[in-house]
Amino acid sequence: MAERLVVLSDMWGVKKGQWITSYLGYLQQYFDIVFYDCQQLANISLTVNSGENLHNEFVSGGIDTAVAHLVKKEKTIPSHYLAFSTGGTIAWKAALKGIPMKSLYAISATRIRFELDCPNNKTTLLYGANDAYRPSDSWALDLNTPMELIPNFGHELYTDEKIIGKVCQELIESVTTKRVQV
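These figures come from a predicted structure and were not determined experimentally.

Conventions we followed
Note on numbering: residues in each chain are counted from 1, in written sequence order. Reporting in this predicted model follows two pLDDT cut-offs: at least 70 for local features of residues, and 80 or more for side-chain atom pairs to be given and counted; totals over whole chains, interfaces and linings ignore these cut-offs and use all residues. With hydrogens and water stripped out, all remaining heavy atoms of the structure feed into the side-chain values. In the sections that follow, a salt bridge refers to a side-chain nitrogen of Lys or Arg positioned within 4 Å of a carboxyl oxygen of Asp or Glu. For helices the rule is a DSSP run of H or I covering at least 4 residues; for strands it is a run of E covering at least 2, with both sets numbered from the N terminus onward. Accessibility here uses a 1.4 Å probe with only protein chains present; expressed as a share of the type maximum, an area under 20% marks a residue as buried, one over 50% as exposed, and anything in between as partly exposed. Contact definition: two residues touch when any of their heavy atoms are within 4.5 Å. Two cysteine sulfurs form what is called a disulfide whenever their separation falls within 2.5 Å. Note: two strands are recorded as paired if DSSP finds a minimum of 2 bridges between them. For helices, the fitted axis covers only the stretch in contact; all axes are lines through C-alpha atoms, and the angles between them, taken along N-to-C directions, range from 0 to 180 degrees. Side-chain atoms within 4.5 Å link the members of a nonpolar core, which is a set of buried Ala, Val, Leu, Ile, Met, Phe, Trp, Tyr and Cys residues. This arc is built from the directions going out from the helix axis to the C-beta atoms. The aromatic pairing rule takes the rings of Phe, Tyr and Trp, using the six-membered ring of Trp, and pairs them if the centres are within 6.5 Å, calling planes under 30 degrees apart stacked, those over 60 edge-to-face and the rest tilted. Here the expected span of a helix is defined as 1.5 Å times the quantity of residues minus one. Between N or O atoms, a polar contact is any pair within 3.5 Å; within protein, one atom must be a potential hydrogen donor and the other a potential acceptor, and residues adjacent in sequence are included only when both atoms are from side chains.

Peer 1: In this structure, what is going on with the pattern of salt bridges? I would like to understand it.
Peer 2: Two side chains with opposite charge may pair up if their charged atoms get near one another. One pass over the structure, following the stated rule, counts six salt bridges. Between Lys 102 and Glu 3 there is a salt bridge, with its nearest N and O atoms 2.7 Å apart. Of this pair, Lys 102 sits in strand S4 (residues 101–107) while Glu 3 sits in strand S1 (residues 3–8), and the two are 99 residues apart along the sequence. In this structure, Glu 170 engages Lys 166 in a salt bridge whose closest nitrogen and oxygen atoms are separated by 2.4 Å. Taken together, the residues span about one helical turn, with Glu 170 and Lys 166 both in helix H6 (residues 161–176) at a distance of four residues.

Peer 1: Explain the environment of Gly 128 to me, please; I cannot follow it from the model alone.
Peer 2: Its place among the elements puts Gly 128 in strand S5 (residues 122–128). Look at Gly 128 and you get buried, because its relative accessible area is 0%. As a C-alpha pair, Gly 128 and Gly 62 span 66 residues in sequence and 25 Å in three-dimensional space. Residues contacting Gly 128, with those up to four places away along its chain left out, are Arg 134, Ile 150, Phe 153, Gly 154 and Leu 157.

Peer 1: Would you mind going over the state of the cysteines with me for this structure?
Peer 2: Two cysteines form a disulfide when their sulfur atoms are joined by a covalent bond. Taken as a whole and assessed by the stated rule, the structure comprises zero disulfides. With no disulfide of its own, Cys 168 lies 17 Å from the sulfur of Cys 38, the closest cysteine sulfur.

Peer 1: When you look at the sheet that holds S1 in this model, what are you seeing that I'm missing?
Peer 2: Hydrogen bonds between backbone atoms are what pair the strands of a sheet, whose relative direction is either parallel or antiparallel. If you trace the six strands from one edge of the open sheet to the other, you get S2-S1-S3-S4-S5-S6, paired in parallel fashion. With one partner strand each, in any of the chains shown, strand S2 (31–36) and strand S6 (147–150) form the two edges of the open sheet. Strand-to-strand, the axes of this sheet are offset by a mean angle of 20°, without reference to chain direction.

Peer 1: I keep staring at the nonpolar core and nothing clicks. Help me out?
Peer 2: Proteins that are soluble and globular tend to have nonpolar side chains buried together. In this structure, Leu 8, Phe 58, Leu 70, Tyr 81, Ile 90, Leu 104 and Leu 125 are the most contacted members of the largest nonpolar core, which totals 35 residues. In contact with Phe 58, other than residues within four places in its own chain, are Met 11, Cys 38, Gln 39, Ala 42, Ile 44, Ile 63, Thr 86 and Ile 90.

Peer 1: What is the right way to read helix H1 (residues 20–27) from this model?
Peer 2: Along an α-helix, residues three or four positions apart point the same way, because every turn accommodates 3.6 residues. Looking at H1, one finds that the buried residues are Ile 20, Tyr 23 and Leu 27. One side of H1 carries all its buried residues, which in axial view fall inside an arc of 60°. Against S1, S2, strand S3 (79–84), S4 and H6 lie the buried residues of H1.

Peer 1: Hey, could you run me through the packing of aromatic side chains in this one?
Peer 2: Each pair of aromatic rings is reported with the distance of its centres and the angle of its planes. With the rule as written, the count across this model stands at six aromatic pairs. Ring centres 5.9 Å apart and planes at 85° place the aromatic pair Trp 19 and Tyr 23 in the edge-to-face group. Among the aromatic residues, those joined into a cluster by ring pairs are Trp 19, Tyr 23, Phe 84 and Tyr 158.

Peer 1: Looking at this structure, I do not really get H6. What am I missing?
Peer 2: Across its 16 residues, H6 extends 22 Å between first and last C-alpha, which sits within 8% of the 22 Å expected from 1.5 Å per residue. Every buried residue of H6 is listed here: Ile 163, Ile 164, Lys 166, Val 167, Cys 168, Leu 171 and Ile 172. Contact partners of the buried residues in H6: H1, S2, S3, S4, S5 and S6. The N-terminus of H6 is capped by Asp 160, whose side-chain oxygen sits 2.9 Å from the backbone nitrogen of Lys 162.

Written as structure tokens, this is what we have:
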């Protein structure tokens, strides 16, 4: 039986997320996938869907609303999580609220740099080295959370085909490789 993978979009959701189909295409044969559009989770419906307006909606209560909805929807089945940008923040906060999470792979997770606690599960953080929203190296050390930086990439590195391939390969290996115990 396939492992369950919950995928959380970035703040744009499906509106600017054609790149998400590449992830789903690679991963669908290895995982039972559940996808959430973060705008829908946060109950955000804007007439002017600019980046600034979306950001303001998420920061002024949308993230908390999305976390509450995710915790309510995903309260019983332990799953792996793949989350992008704002979705990474939502997954991180949901993990801190006790959502049954086997692992979290968060790419360009915004706003976790303000968190003081780390989820109690396997967490992989991936950022472009030029991402202005990434946590500092000292934050990662303080929380004992490894953070991989990819040189020459910014915040939206998760939309690049090379990064998509890397992330999918790592996720697939994490569930298909049997660990030998000595």
